[in-house]
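Okay, here's what each chain looks like letter by letter:
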Amino acid sequence: MVDHDLSDRKKQILKAIVEAHIAYGEPVGSKYLATQDQLSCSSATIRNEMAELKSLGYLEQPHTSAGSVPTEAGYRFYVNQLLDRYQMTRQEIREMSLGLTKKLNELDQILAEASRMASMFTNYPSIAAKPKAAGATVTQFETMYIDSSTFALVMLFPGGTVKTKRIRTAFPLTREELTTLTDLLNRDIAGHTSDEIALPVILSIEDAMGVAAPVVNPLIKLIYETMQEYHAGDLRVEGANRLLGIPDYSDLGEVRSLLHLFEQKDDLLDVISDDTSDDIHVRIGHETAMSGMEGSSIVWRTIRSGDRVLGAIGVIGPRRMDYGKVISVINHLALGIDNLLGDPGGKNPS
């Protein structure tokens, strides 16, 4: 839905309704709004403006209530044009920095800790994701000779991701044969997707390996599985139990749908993997195009190191979530990870 050119008064009223509904979870009426200092107009004027906002699709009136609540379009207009920046407290920033620094040794642990803090500070379920890699290829193979029946295979993926596998062979393999195998992998496998690793390619490598040909088939199978694993991405959910404490999720059927979504992961990973730009992403209700998310929103930001996509952190909650605080928390955590990784391109969350 395209944002309308609303008058300043309509914007003030819509903003007040969204924020009151976020705070209290109840329909908002004109009498309440007339008591707010930022609105210097009568209840009758407010009612007229609310009626117009309703006709434009920004408000709806649930059941027979005299008050109104924001629609999905109302929340979208609020996020796009009316949202005030949430000011993080010094204590919140200090706790985030300490939590991330303690987990600096492992990237997976950093993302998991950032997700845990996102859930703790927002009181919503949070996610730590490694986005799917479309058309994953290995850009380079390297090997390390350990002994006659053991070697290490190092696979370098686009963006700098490295996977290392320890290989044991059923027969002796010389250093010269391992060097030949490495050259063949870089010639015939590097730069190709898993779908392009066809039988003729495998047979060609086996022919070139001669008496060491039996090492090729299990090795190609391992490479294929690793490429599929890299392509698939990963997603962890923190604080799913918080759903039970959110009044908006009083319908257990809706909670079950969300828990199923968290468990299956693929739909969430698809949404996150579709856009890995550095910006904060906000998808509200039906914008997510995910079954079970009609009454929910997702906010996330991608974590990068240079051109390399490391992962993403985000929060999932009701459409009535506190967008200002959620966006600020995710931005500060993402910036903290950028700083820990020494990324000079990390964006200031302000």
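Residues numbered from 1 in each chain as written. Predicted model: local features only at pLDDT ≥ 70, side-chain atom pairs only at ≥ 80, totals over all residues. Heavy atoms only, no water.

Draft legend 1. Spatial organisation of the sheet that holds strand E5 (residues 150–156). The three strands lie next to each other as E4-E5-E6, forming an open sheet whose pairing is antiparallel. Either end of the sheet is taken by a strand with one partner, and the two such strands are strand E4 (140–147) and strand E6 (162–168). The mean angle between the axes of side-by-side strands here comes to 20°, regardless of whether they run parallel or antiparallel. The strands that helix H7 (residues 175–188) touches are E4 and E5; relative to E4, the one it contacts most, it runs at about 165°. (Pairing = 2+ DSSP bridges. Helix = DSSP H or I, 4+ residues; strand = E, 2+ residues; numbered from the N terminus. Axes fitted to C-alpha atoms, helices over the stretch in contact; angles between N-to-C directions. Contact = heavy atoms within 4.5 Å.)

Draft legend 2. Looking closely at helix H1 (residues 8–24). The first and last C-alpha atoms of H1 sit 24 Å apart over 17 residues, in line with the 24 Å expected at 1.5 Å per residue. Once H1 finishes, glycine 25 follows within two positions and takes phi at roughly 75°, a positive value. (Expected span 1.5 Å × (residues − 1).)

Draft legend 3. Inspection of the packing of aromatic side chains at higher detail. In the structure shown here, the tally under the stated rule is two aromatic pairs. When the centroid spacing of 5.3 Å and the interplanar angle of 65° are considered together, the rings of tyrosine 58 and phenylalanine 77 count as edge-to-face. With tyrosine 58 in the loop between helix H3 (43–55) and strand E1 (59–60) and phenylalanine 77 in helix H4 (residues 72–82), this pair connects stretches of sequence that are 19 residues apart. A single burial state applies to tyrosine 58 and to phenylalanine 77, both of which are buried. Ring geometry for tyrosine 75 and tyrosine 323: centres 5.9 Å apart, planes at 50°, overall tilted. You can see tyrosine 75 sitting in helix H4 and its partner tyrosine 323 sitting in helix H12 (residues 323–340), a full 248 residues away along the chain. For the pair tyrosine 75 and tyrosine 323, a shared accessibility class is recorded, and that class is buried. (Phe/Tyr/Trp six-rings, centres within 6.5 Å; stacked < 30°, edge-to-face > 60°. Buried < 20%, exposed > 50% of the residue type's maximum accessible area, 1.4 Å probe, protein only.)

Draft legend 4. Representation of the packing of H1 against H4 within the structure. At a minimum axis distance of 10 Å, the contact between H1 and H4 shows a crossing angle of 110°. Compared by their axis directions, H1 and H4 come out roughly perpendicular. Two packed elements cross with a definite hand, and for H1 against H4 that hand is left-handed. Across the interface between the two elements, Lys11, Leu14, Lys15, Val18, Glu19, His21 and Ile22 of H1 pack against Gly74, Tyr75, Phe77, Tyr78, Gln81 and Leu82 of H4. (Parallel < 35°, antiparallel > 145°, perpendicular 65-115°, else oblique. Left-handed = near helix turned anticlockwise from the far one by under 90°.)

Draft legend 5. Quick look at the side chain of histidine 21. Locating histidine 21 in the fold gives a position in helix H1. The residues touching histidine 21, leaving out its near neighbours within four places in the chain, are Glu26, Pro27, Val28, Val69, Pro70, Tyr75 and Arg320.

Draft legend 6. Just unusual backbone geometry, in detail. Positive phi outside glycine occurs at asparagine 123, with the angle close to 65°. Residue placement: asparagine 123 occurs in the loop between helix H6 (107–122) and strand E3 (126–130). Judged by relative accessible area, which is 46%, asparagine 123 ranks as partly exposed. Not every positive phi belongs to a glycine, and alanine 289 is a case in point at roughly 55°. By the element assignment, alanine 289 lies in the loop between strand E8 (281–284) and strand E9 (296–305).

Draft legend 7. Broad picture of helix H8 (residues 199–209). For H8, every residue scored as buried is listed here: Ile202, Ile205 and Met209. Around the axis of H8, the buried residues are gathered within 65° of arc, so they sit on the same side. Exposed and facing more than 90 degrees away from the buried side of H8 are Leu199, Pro200 and Asp207. Trailing H8 by a residue or two, glycine 210 shows a phi angle of about 60°, which is positive. (Arc of directions from axis to C-beta.)

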